[in-house]
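The lines below spell out each chain.
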Amino acid sequence: ARALIFSSYAEGFGIPMIEALTLGCPLVALDTQVAREVAGDAGLFFSDFAGFAGHVVRLDTDEGHAAAVRDIAGFSWPTWDELTVPLLDRLAGLPG
């Protein structure tokens, strides 16, 4: 895929965005609080059709796509173990 286009107004969390970015697929997302929180600097955000079209046109070129892939190379999302072990320790009252 050249990119994931994620234009939902009412997405609860954005797991498709995490999946795409984790796999090295550029993300073109509607500029919402959830999308910004999940994708951070790795997303290509738009708030109108002109912004959306600009991202799509740029990703349609090999250079634009390669640049977008480079921009998301550092994206990471915490693993289950990274999140749950500290949470369970805190719930159990263990020092963190």
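Criteria and cut-off values
- Residues numbered from 1 in each chain as written.
- Predicted model: local features only at pLDDT ≥ 70, side-chain atom pairs only at ≥ 80, totals over all residues.
- Heavy atoms only, no water.
- Helix = DSSP H or I, 4+ residues; strand = E, 2+ residues; numbered from the N terminus.
- Buried < 20%, exposed > 50% of the residue type's maximum accessible area, 1.4 Å probe, protein only.
- Contact = heavy atoms within 4.5 Å.
- Areas by Shrake-Rupley, 256 points an atom, 1.4 Å probe, with all protein chains shown as cover.
- Pairing = 2+ DSSP bridges.
- Right-handed = clockwise from strand over helix to strand, strands pointing away.
- Patch = residues over 30% accessible without salt bridge, like charges linked within 9 Å, V, L, I, M, F, W, Y side chains within 5 Å.
- Salt bridge = Lys/Arg side-chain N within 4 Å of Asp/Glu carboxyl O.
- Expected span 1.5 Å × (residues − 1).
- Axes fitted to C-alpha atoms, helices over the stretch in contact; angles between N-to-C directions.

### So, the overall build of the chain
Working step 1: Of the regular secondary structure elements, the chain holds 5 helices and 3 strands.
Working step 2: Ordering the α and β elements of the chain from the N terminus gives β-α-β-α-β-α-α-α.
Working step 3: Principal-axis analysis of the C-alpha atoms gives the chain an extent of 50 × 25 × 20 Å.
Working step 4: Taking all 96 residues of the chain together, the buried fraction comes to 29%.
Working step 5: By sequence separation, contacts in the chain at least 24 residues apart represent 41% of the contacts at least 6 residues apart.
Working step 6: Summed over all atoms, the accessible surface of the chain reaches about 6,400 Å², with 59% contributed by carbon and sulfur.

### Some words on the pairing of strand E3 (residues 43-46)
Working step 1: Side chains Gly43 and Phe45 project from E3 onto one buried face, and the interleaved Leu44 and Phe46 project onto a second face that is buried too.
Working step 2: The sheet contact formed by strand E2 (residues 27-30) and E3 spans 4 bridges and is parallel. Paired with alanine 29 across the two strands is phenylalanine 45, which belongs to E3.
Working step 3: Read from E2 through helix H2 (residues 33-39) to E3, the crossover connection turns out right-handed.

### Details of the pairing of E2
Working step 1: A two-sided burial pattern is seen for E2, the buried positions comprising Leu27 and Ala29 on one face and Val28 and Leu30 on the other.
Working step 2: Strand direction decides the pairing type here: strand E1 (residues 4-6) and E2, joined by 3 bridges, are parallel. Within E2, the residue paired with leucine 4 across the bridge is leucine 27.
Working step 3: Taking the sense of rotation as the criterion, the β-α-β connection linking E1, helix H1 (residues 15-22) and E2 turns out right-handed.

### What to know about a nonpolar patch on the surface
Working step 1: Residues Phe13, Ile15 and Trp77 make up a contiguous nonpolar surface patch of roughly 280 Å² in combined accessible area.
Working step 2: Structurally, the position occupied by phenylalanine 13 is in the loop between E1 and H1.
Working step 3: On the basis of relative accessibility, which here comes to 38%, the residue phenylalanine 13 falls in the partly exposed class.

### Comments concerning helix H5 (residues 80-91)
Working step 1: Compared with an ideal rise of 1.5 Å per residue, which puts 12 residues at 16 Å, H5 spans 16 Å between its outermost C-alpha atoms and is within 8% of the ideal.
Working step 2: Counting buried positions along H5 gives 1 out of 12 residues, so the element sits mostly on the surface.
Working step 3: Just downstream of H5 lies glycine 93, where phi reads positive at about 80°.

### Description of the sheet that holds E2
Working step 1: Read from one edge to the other, the open sheet built from 3 strands follows the order E1-E2-E3, with strand pairing classed as parallel. Only two strands of the sheet have a single neighbouring strand rather than two, namely E1 and E3. Across this sheet, the average inter-strand angle for adjacent strands is 20°, counted without regard to direction.
Working step 2: Lying on the sheet, H1 is in contact with E1 and E2; it crosses E1 at an angle near 160°.
Working step 3: Packed on one face of the sheet, helix H3 (residues 49-59) meets E1, E2 and E3 and runs near 145° to E3.

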